[in-house]
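What follows is each chain in one-letter form.
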2 protein chains.
Amino acid sequence: VRRSEGAFVVEGTKLVTGALDAGAAIEAVFFDPAAGAVPTVTMLLQRVEDGGARVFPLGQGVLERIADTVTPQPVIAIVGTPRASLDSVGTATFLVVCVDVRDPGNAGTVIRIADAAGADGVVFCAGTVDPFNPKTVRAAAGSVLHLPIVDDVDARDVLVWLAQVGLRRLGAMPRGGTAYESVDWTVPCALVLGNEASGLPASLDGMIDDHVTIPMAGRAESLNVSSAASVLCFEARRQRNNLHPVIGSTVANEAGNRP
Amino acid sequence: VRRSEGAFVVEGTKLVTGALDAGAAIEAVFFDPAAGAVPTVTMLLQRVEDGGARVFPLGQGVLERIADTVTPQPVIAIVGTPRASLDSVGTATFLVVCVDVRDPGNAGTVIRIADAAGADGVVFCAGTVDPFNPKTVRAAAGSVLHLPIVDDVDARDVLVWLAQVGLRRLGAMPRGGTAYESVDWTVPCALVLGNEASGLPASLDGMIDDHVTIPMAGRAESLNVSSAASVLCFEARRQRNNLHPVIGSTVANEAGNRP
């Protein structure tokens, strides 16, 4: 339902302020009259009205039914979904692609990490949770508002498209892939993340250029998808930030070849 | 209450098997009679009995009240808490210290990451959530059972002790610290993590040897504590795994000094 509505809910003073700052299309704002005298809320409502959107007082009980948070927020905004198309990220040099991430919290954390690590966008393939699910929006902590997010696209179409626009497709897998630090993340590339439990479907193997693995030191069997995304996205950022990519990648290769 | 009981609950066939594999002190196992004919459950119960612990059939309704999961599990074990003392991790070369991590899911994910990145143990200072909280145990995915966990110790005592045993105290902070890739993680050290919202208390500043920051590329304000722990712990692992730490750290320093 939410996918077709073209709007999503942003909860709380901080995130609504972030939406305004990001120039998001705010359709309406609802607020708790009991919080109407709080200076931060008053100023926020004034900014919303100045921007041409309407503000509505709502009883606490009604606000709680709209909101998804455990702790009711004094301000809630209805924001037009800032959906991006594949074409709009066609000049990206680093994308994160979620093929089948099911947990909204994980998905939101992946968006937040991609943003913090300097990715140019995130692609949510059909099968992955809705990126504008309230839980996802909350876990993304504002990053859904300023990072291009493409969603509801077929995974196979995306993988074909990535090759066409010259992005190397690096698929995360729990074991058996190339050690992530010996992978060259400085080339235009896309990190492709699979399902929390089952990883990437084998049917996509032929459309992945290299499988990437985080070697585990302890007896832990795996990292969860957002922990893995943190390690991989920030390795990409580290390598890309490196003044001496040639020396850097040599060192990384030697490290990666260690048993 | 749980802290004084000296026992915690492990839920599900996989985690109970992990507890047996880790040689944990299993006090009792409860199972759903409806699952008593499932081969994996039958074999597991036999292993428990062979180990000298008792197994009890329990009605689904009762099991659900003991269990904490949304999806009821067919097997639940009561396991003696494998608490470690500071002295038992006195020869560690890499520890993770949680000063004030409040969310049980974050805390468990930190334990799982520390284990996967090869840390020698995790210290939960008083103020941090109970590491044997069911949600923490679940998020740690078995790592509470084989990584030494010290808990309920005073943060100041821990920081003094770290200096005494020669571990460099590296405190994570959202901004303003040394870029994490220019920090030498190959020396004996401890990553010190603060509160999700407020970070490390300023009162501990004098007991931190270096503050460490993950530079953000996007407009994201910060990473959540478990994402940050992923990046930092795996940078430590990467550097420690590196065949050529001198070249590696030179490159890292140059990278870290980039604007």
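In this report, the structure presented in the accompanying data block is examined. Please read all numbers here as calculations on a predicted model, not as lab measurements.

Next up on the list: the overall build of chain A. Of the regular secondary structure elements, chain A holds 9 helices and 11 strands. Burial status across chain A gives 55% buried among its 259 residues. Partitioning the contacts of chain A with sequence separation of at least 6, the portion at a separation of at least 24 is 81%. When the accessible surface of chain A is split by element, carbon and sulfur atoms take 53% of a total near 10,600 Å².

With that settled, consider the side chain of Thr213(A). Residue and element names in this part refer to chain A. Along the polypeptide, Thr 213 turns up in strand S11 (residues 210–213). A residue is classified by how much of its surface remains accessible, and Thr 213, at 7% relative accessible area, is buried. Within the local environment of Thr 213, its side chain forms a polar contact with the backbone nitrogen of Gly 177, the two atoms lying 2.8 Å apart.

Trp185(A) and Trp185(B) are the most contacted members of the largest nonpolar core, which totals 122 residues. Filtering out sequence-adjacent residues up to four positions away, Trp185(A) remains in contact with Phe94(A), Leu170(A), Tyr180(A), Leu191(A), Val212(A), Leu232(A), Glu235(A), Ala236(A), Gln239(A) and Arg240(A).

Residue and element names in this part refer to chain A. Within strand S6 (residues 121–125), 5 of the 5 residues are buried, leaving the element largely enclosed by the surrounding structure. Residues of S6 alternate between two faces, with Gly 121, Val 123 and Cys 125 on one and Val 122 and Phe 124 on the opposite face, all of them buried. Relative to S6, strand S5 (residues 94–98) is paired through 4 bridges, and the arrangement is parallel. Directly across from Val 97, in S6, lies its bridge partner Val 123. Regarding the hand of the β-α-β motif, the stretch spanning S5, helix H5 (residues 104–116) and S6 is right-handed. In terms of strand pairing, S6 meets strand S7 (residues 149–153) through 4 bridges, oriented parallel. By the bridge assignment, Val 123 is partnered in S7 with Val 150. In terms of handedness, the path from S6 via helix H6 (residues 134–139) over to S7 forms a crossover that is right-handed.

Residue and element names in this part refer to chain A. It is the contact of H5 with helix H8 (residues 225–241), at a shortest axis distance of 9 Å, that shows an interaxial angle of 10°. When the interaxial angle is binned, H5 and H8 end up roughly parallel. Counting all contacts with H5, which are made through Asn 106, Thr 109, Val 110, Ile 113 and Ala 116, the residues of H8 involved are Val 225, Ser 226, Ala 229, Ser 230, Cys 233, Phe 234 and Arg 237. Looking at the contact of H5 with H8 residue by residue, the class counts come to 7 nonpolar, 4 polar and 1 charged.

Moving on: the sheet that holds strand S8 (residues 168–172) of chain A. Residue and element names in this part refer to chain A. As summarised here, the arrangement of the 7 strands in space is S7-S6-S5-S10-S8-S11-S9, forming an open sheet in which the pairing is parallel. The two strands at the open ends of the sheet, each matched to only one other strand, are S7 and strand S9 (178–179). Sheet topology places S8 next to S11; 3 bridges connect them, and they run parallel. Residue Ala 172 lies in a different strand from S11, and its bridge partner there is Val 212. Helix-sheet contacts for H5 involve S5, S6, S7 and strand S10 (189–193), and the interaxial angle to S6 is about 155°.

Between H8(A) and helix H9 (residues 225–241) of chain B, the least distance of the axes is 8 Å, while the angle of their chain directions is 60°. On the basis of their axis angle, the class for H8(A) and H9(B) is oblique. Crossing geometry of H8(A) relative to H9(B) is assigned as right-handed. Of the residues in H9(B), those touching H8(A) at Ser227(A), Ser230(A), Val231(A), Phe234(A), Glu235(A) and Arg238(A) are Ser227(B), Ser230(B), Val231(B), Phe234(B), Glu235(B) and Arg238(B). Broken down by class, the residue content of the contact of H8(A) with H9(B) amounts to 4 nonpolar, 4 polar and 4 charged.

Bringing helix H3 (residues 39–50) of chain A into the picture now. All names here are of chain A. Taking 1.5 Å per residue, 12 residues should reach 16 Å; H3 reaches 16 Å between its end C-alpha atoms and fits that length. Turning to H3, its buried residues are Val 41, Leu 44, Leu 45 and Val 48. Along H3, the residues classed as buried sweep out an arc of 100° about the axis, all on the same side. Residues of H3 that are exposed and angled more than 90 degrees away from the buried face: Pro 39, Met 43 and Asp 50. Residues of H3 that are buried sit in contact with helix H2 (13–21), strand S2 (26–31), strand S3 (54–57) and strand S4 (75–80).

As a further point, take the pattern of salt bridges. Summed over all chains, the structure comprises 15 salt bridges over all chains. Residue Arg138(A) is joined to Glu11(A) by a salt bridge in which the shortest nitrogen-to-oxygen separation is 3.6 Å. Note that Arg138(A) is positioned in helix H6 and Glu11(A) in strand S1 (residues 7–11), a separation of 127 residues in sequence. Owing to a relative accessible area of 9%, Glu11(A) belongs among the buried residues under this scheme. Three or more residues are tied together by salt bridges with common partners; here these are Glu235(A), Arg238(A), Glu235(B) and Arg238(B).

Calculation rules
Residues numbered from 1 in each chain as written. Chains lettered and ligands numbered in written order. Predicted model: local features only at pLDDT ≥ 70, side-chain atom pairs only at ≥ 80, totals over all residues. Heavy atoms only, no water. Helix = DSSP H or I, 4+ residues; strand = E, 2+ residues; numbered from the N terminus. Buried < 20%, exposed > 50% of the residue type's maximum accessible area, 1.4 Å probe, protein only. Contact = heavy atoms within 4.5 Å. Areas by Shrake-Rupley, 256 points an atom, 1.4 Å probe, with all protein chains shown as cover. Polar contact = N/O pair within 3.5 Å; in protein donor to acceptor, adjacent residues only side chain to side chain. Core = buried A, V, L, I, M, F, W, Y, C linked by side-chain atoms within 4.5 Å. Pairing = 2+ DSSP bridges. Right-handed = clockwise from strand over helix to strand, strands pointing away. Axes fitted to C-alpha atoms, helices over the stretch in contact; angles between N-to-C directions. Parallel < 35°, antiparallel > 145°, perpendicular 65-115°, else oblique. Nonpolar A, V, L, I, M, F, W, Y, C, P; charged D, E, K, R; others polar. Left-handed = near helix turned anticlockwise from the far one by under 90°. Expected span 1.5 Å × (residues − 1). Arc of directions from axis to C-beta. Salt bridge = Lys/Arg side-chain N within 4 Å of Asp/Glu carboxyl O.

Interpretation in functional terms is not warranted from these geometric data alone.
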